[in-house]
Amino acid sequence: MERKAFLKTLGAGAAFALTFSCLHGCSDKGGGEEPLVPEIPEGGFIIDLNATTSANLQNNGGFIFVKSKSTFTQNDVIVVRNLEGNLVAASKYCSHEGNPNVEFLSEDGGIYRCDVHGSRFSQDGTPLNSITTNPLKIYNTELLADNKLRIFE
Ligand code: FES
């Protein structure tokens with residue numbers, strides 16, 4: 001059956017629903033392409049956990065956004081105190097279509113989520129739904145003296 005004839009049998013409402021849902025969620029970037037990843041400086045970068053800008057990291061489940069390079073205009077890394085109290089970090093740029101909308105949710109043991117199309121990722125970056133097969137970029141963290149945190153590859 002021709003596509004046009006097929007859509008006619010579904011009716012206008014169903015055709016619109018099929019078309020509209022793909023405008024917002026369908027993409028060929030679900031796999032095979034390299035995910036967008038912030039390039040952080042070699043050796044990483046350091047944030048001050050005593051700074052007022054780090055206050056959200058005092059509580060489990062809290063997170064902040066930071067710039068990996070001072071020359072960037074936009075924050076590109078999310079730093080999280082997960083539900084176990086560990087400090088972890090990931091790209092703020094979603095591995096689906098690269099939107100800077102990754103956040104941390106205190107559900108299912110703590111996950112990353114992008115609200116643009118609904119991608120969800122485990123804390124090791126593994127995709128948790130079918131929006132994308134690209135893993136979210138995860139960074140290493142190291143607690144240093146004087147309550148500083150190093151974030152590195
Ligand atoms: S850009 Fe599509 S889910 Fe994040």
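This text follows the structure it describes.
First, a word on what this report is: a plain description of the structure on this page. What you are looking at is a predicted structure, and each value in this text was computed from that prediction instead of being measured.

**Describing the packing of aromatic side chains**
In total, this model carries 2 aromatic pairs according to the counting rule given. Summarising the aromatic geometry, the rings of Phe63 and Phe65 are spaced 5.6 Å apart at their centres and angled 70° between planes, so their arrangement reads as edge-to-face. Pairing Phe104 with Tyr112 gives two aromatic rings, centres 5.7 Å apart and planes at 75°, and the pair type is edge-to-face. Judged on exposure class, the residue Phe104 and its partner Tyr112 are both buried. Positioned over the ring face of Phe65 is Lys92, at 4.7 Å from the centre of the ring. Sitting above the plane of the Phe152 ring, Arg150 keeps its charged end 3.8 Å from the centroid.

**Here we look at the nonpolar core**
In terms of nonpolar packing, the biggest core is built from 14 residues, with Ile47, Val77, Val79 and Ile151 touching the most fellow members. If you list the elements that add at least two residues to this core, you get β1 (45-48), β2 (63-66), β3 (77-81), β4 (87-91) and β9 (148-152). Contact partners of Ile47, with chain neighbours within four places excluded, come to Leu57, Ile64, Val66, Val79, Asn147, Lys148, Leu149 and Ile151. Core analysis: the second largest hydrophobic core is formed by 11 residues, Val80, Ala90, Cys114 and Phe121 among them.

**Observations regarding the pairing of β4**
In terms of burial, β4 is largely enclosed, as 5 of its 5 residues are buried. Count of turn residues in the β3/β4 antiparallel hairpin: 5 residues, of which Gly85 carries a positive phi of about 95°. Taken together, the 2 bridges between β4 and strand β8 (residues 138-144) define a ladder with antiparallel strand orientation. Residue pairing in the sheet places Ala89 in a bridge with Tyr139 of β8.

**Observations regarding the sheet that holds β9**
Across the sheet, which stays open at both edges, the 6 strands sit in the order β1-β9-β8-β4-β3-β2 with antiparallel pairing between neighbours. The outermost strands of the open sheet, each flanked by one partner alone, are β1 and β2. Between one strand and the next, the sheet's axes are offset by a mean angle of 30°, whatever the strand orientation. Summarising the sheet, β8 and β9 pair through 5 bridges and their orientation is antiparallel. Across the sheet, Leu143 pairs through a bridge with Leu149, a residue of β9.

Reading the values: the criteria
Residues numbered from 1 in each chain as written. Predicted model: local features only at pLDDT ≥ 70, side-chain atom pairs only at ≥ 80, totals over all residues. Heavy atoms only, no water. Phe/Tyr/Trp six-rings, centres within 6.5 Å; stacked < 30°, edge-to-face > 60°. Buried < 20%, exposed > 50% of the residue type's maximum accessible area, 1.4 Å probe, protein only. Lys NZ or Arg CZ within 6 Å of the ring centre and 35° of its normal. Core = buried A, V, L, I, M, F, W, Y, C linked by side-chain atoms within 4.5 Å. Helix = DSSP H or I, 4+ residues; strand = E, 2+ residues; numbered from the N terminus. Contact = heavy atoms within 4.5 Å. Pairing = 2+ DSSP bridges. Axes fitted to C-alpha atoms, helices over the stretch in contact; angles between N-to-C directions.

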